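So you can see what is in the structure, the chains are spelled out below.
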Amino acid sequence: MNQQPSPAAHFRVDALQCSRWTRVRFEEWRRGGLDCVHVTLAIWEDARETLRVVGQWERFFREHADIIAPARSVADVRAAKEAGKTAVMLGVQNTSPFEDDLDLVSAFHAAGVRIAQLTYNVQNLVGGGCWEDPDPGISGYYGRNIIAEMNRVGMLIDLSHCGERTCLEAIELSEAPVAITHGNPAAFVGGAVELAARNRSNEVLQALAERGGVIGLSTYPRLAPDGNDCTLARFCEMVAWTVELVGIEHVGIGTDLYLGHDPSILGWWRKGRWSREVAIPLSGLPVFPDWMQSPADFDNFATGLAQQGLTENEIHQVLGDNWIRLLEQVIVTAPANVAHLTSAGQK
Ligand SMILES: [Zn+2]
């Protein structure tokens, strides 16, 4: 039999990108060998506004079907990889699309959303953001119910912009492992970067790992070690340091690359509709490091991590396999999916 060799069992995943989407970006994914990218649909948008972005992605999937495909399951990611496409996982960086309605969790799940961050920098109905002091934690009714519902339907909980207490309580309350899709360890980076409040304590990272979660380390200069001067070697040193702290199975990449935007987008991200002043002064669009100008540069991670002494298999884990394992656990084995398979007679 003349069988094609099966594609490598390893995956490349970027756990967060937030660009203005055009075909140029999708071609960069292909050049970087990315099998799956988590993209942001909403920051402050409500249900109606977010549904519109779901519709835009449905159009992108039609118009660029030769290089991208929707990722509603891990099977979709495998199929896309085999077809030479990048699978796109839809996510939101706030629970604002759910408004105050638990039923909107399963509605957005049905629309293809698989990842939701609980809060974005500030307080909302679910919990506290990383700018809140004190962070009051997960709210006693709605917040707990949102976590349980996300667990039930199989939607990954993202804590990237949440406050310390909200992170610790969500990790404890969630039945499924959770993620920080884009962030860095505060103890490694220090307090000198512009968005230092976004980085996470060792306590949060260790608790996340103990429950099976993954952190995606970020090249975003406002969170990265040495800020705008972060070298590939320094970034990969941070990867090795985090692996030492929490274990190789719990570390991935979430670049937080956002390309092609007008600078006015930053005002929207930092104050939404809830303020007329930004809490942290705007300093324009960031300049990403010369070794990570676009997703096409993803190979540089492999080179830099090898220089840090990571083995080939460890590099595969960090560059994507850990995310695939987490998504399998959270999405595929969610109670709603298991019940569905059982009722369909597939034991
Ligand atoms: Zn973010």
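Data block above holds the structure.
So, here is what we can say about the structure in this document.

Quick notes on the rules
- Residues numbered from 1 in each chain as written.
- Predicted model: local features only at pLDDT ≥ 70, side-chain atom pairs only at ≥ 80, totals over all residues.
- Heavy atoms only, no water.
- Helix = DSSP H or I, 4+ residues; strand = E, 2+ residues; numbered from the N terminus.
- Contact = heavy atoms within 4.5 Å.
- Areas by Shrake-Rupley, 256 points an atom, 1.4 Å probe, with all protein chains shown as cover.
- Lys, Arg positive; Asp, Glu negative; His and termini not counted.
- Charge placed at Lys NZ, Arg CZ, Asp CG, Glu CD.
- Buried < 20%, exposed > 50% of the residue type's maximum accessible area, 1.4 Å probe, protein only.
- Pairing = 2+ DSSP bridges.
- Right-handed = clockwise from strand over helix to strand, strands pointing away.
- Salt bridge = Lys/Arg side-chain N within 4 Å of Asp/Glu carboxyl O.
- Donors = N, O, S within 2.8 Å, 3.2 Å for Na, K, Ca; no water.
- Arc of directions from axis to C-beta.

Comments concerning the overall build of the protein
Then comes step 1: What the protein contains, in helices and strands, is 13 helices and nine strands.
Then comes step 2: Over its C-alpha atoms, taken along the principal directions, the protein stretches across nearly 65 × 50 × 40 Å.
Then comes step 3: By sequence separation, contacts in the protein at least 24 residues apart represent 72% of the contacts at least 6 residues apart.
Then comes step 4: When the accessible surface of the protein is totalled, it reaches about 14400 Å², and 50% of it is carbon and sulfur.
Then comes step 5: Charged side chains of the protein number 29 positive and 43 negative; the gap between the two group centres comes to 6 Å.

Some points on the pairing of strand 1 (residues 13-17)
Then comes step 1: Of all five residues in strand 1, five are buried; the element is thus mostly enclosed.
Then comes step 2: The pairing of strand 1 with strand 2 (residues 36-40) spans three bridges and is classified as parallel. Across the sheet, Val-13 pairs through a bridge with Cys-36, a residue of strand 2.
Then comes step 3: The parallel pair strand 1 and strand 2 is bridged by helix 1 (residues 23-31), and the resulting crossover is right-handed.

Things to note about the pattern of salt bridges
Then comes step 1: Going through the model one piece at a time under the given rule, you end up with 17 salt bridges.
Then comes step 2: Where Arg-273 meets Glu-49, a salt bridge forms, and the shortest distance between an N and an O atom there is 3.1 Å. Here Glu-49 lies in helix 2 (residues 47-63) and Arg-273 lies in the loop between helix 10 (265-271) and helix 11 (299-307), a separation of 224 residues in the sequence.
Then comes step 3: Accessibility expressed as a relative area gives 54% for Arg-273, which makes it exposed.
Then comes step 4: Judged by relative accessible area, which is 28%, Glu-49 ranks as partly exposed.

Description of the coordination of the zinc ion
Then comes step 1: Around the zinc ion, the protein contributes the donor atoms Gln-93 (OE1), His-161 (NE2) and His-182 (NE2), at 2.1 to 2.2 Å from the metal centre.
Then comes step 2: Coordination of the zinc ion draws on donor residues from a single chain, spaced Q-x67-H-x20-H in sequence. You can see Gln-93 sitting in the loop between strand 4 (86-92) and helix 4 (103-110) and its partner His-161 sitting in the loop between strand 6 (156-158) and helix 6 (164-173), a full 68 residues away along the chain.
Then comes step 3: When its relative accessible area of 2% is taken as the criterion, Gln-93 is described as buried.

Section: helix 4
Then comes step 1: Considered for burial, the residues of helix 4 that qualify are Leu-104, Val-105, Phe-108 and His-109. Seen from one end, helix 4 has its buried residues packed into an arc of 145°, which puts them on one side. More than 90 degrees from the buried face of helix 4, the exposed residues found are Asp-103 and Ala-110.
Then comes step 2: Those residues of helix 4 that are buried are in contact with helix 2, strand 5 (113-117) and helix 5 (142-153).
Then comes step 3: Downstream of helix 4 by a residue or two, Gly-112 has a phi angle that is positive, lying close to 110°.

So, helix 11
Then comes step 1: The complete set of buried residues in helix 11 reads Phe-301, Gly-304 and Leu-305. Down the axis of helix 11, the buried set is contained in an arc of 100°. They therefore lie on one face.
Then comes step 2: Looking one or two places after helix 11, you find Gly-309, whose phi comes out positive at around 95°.

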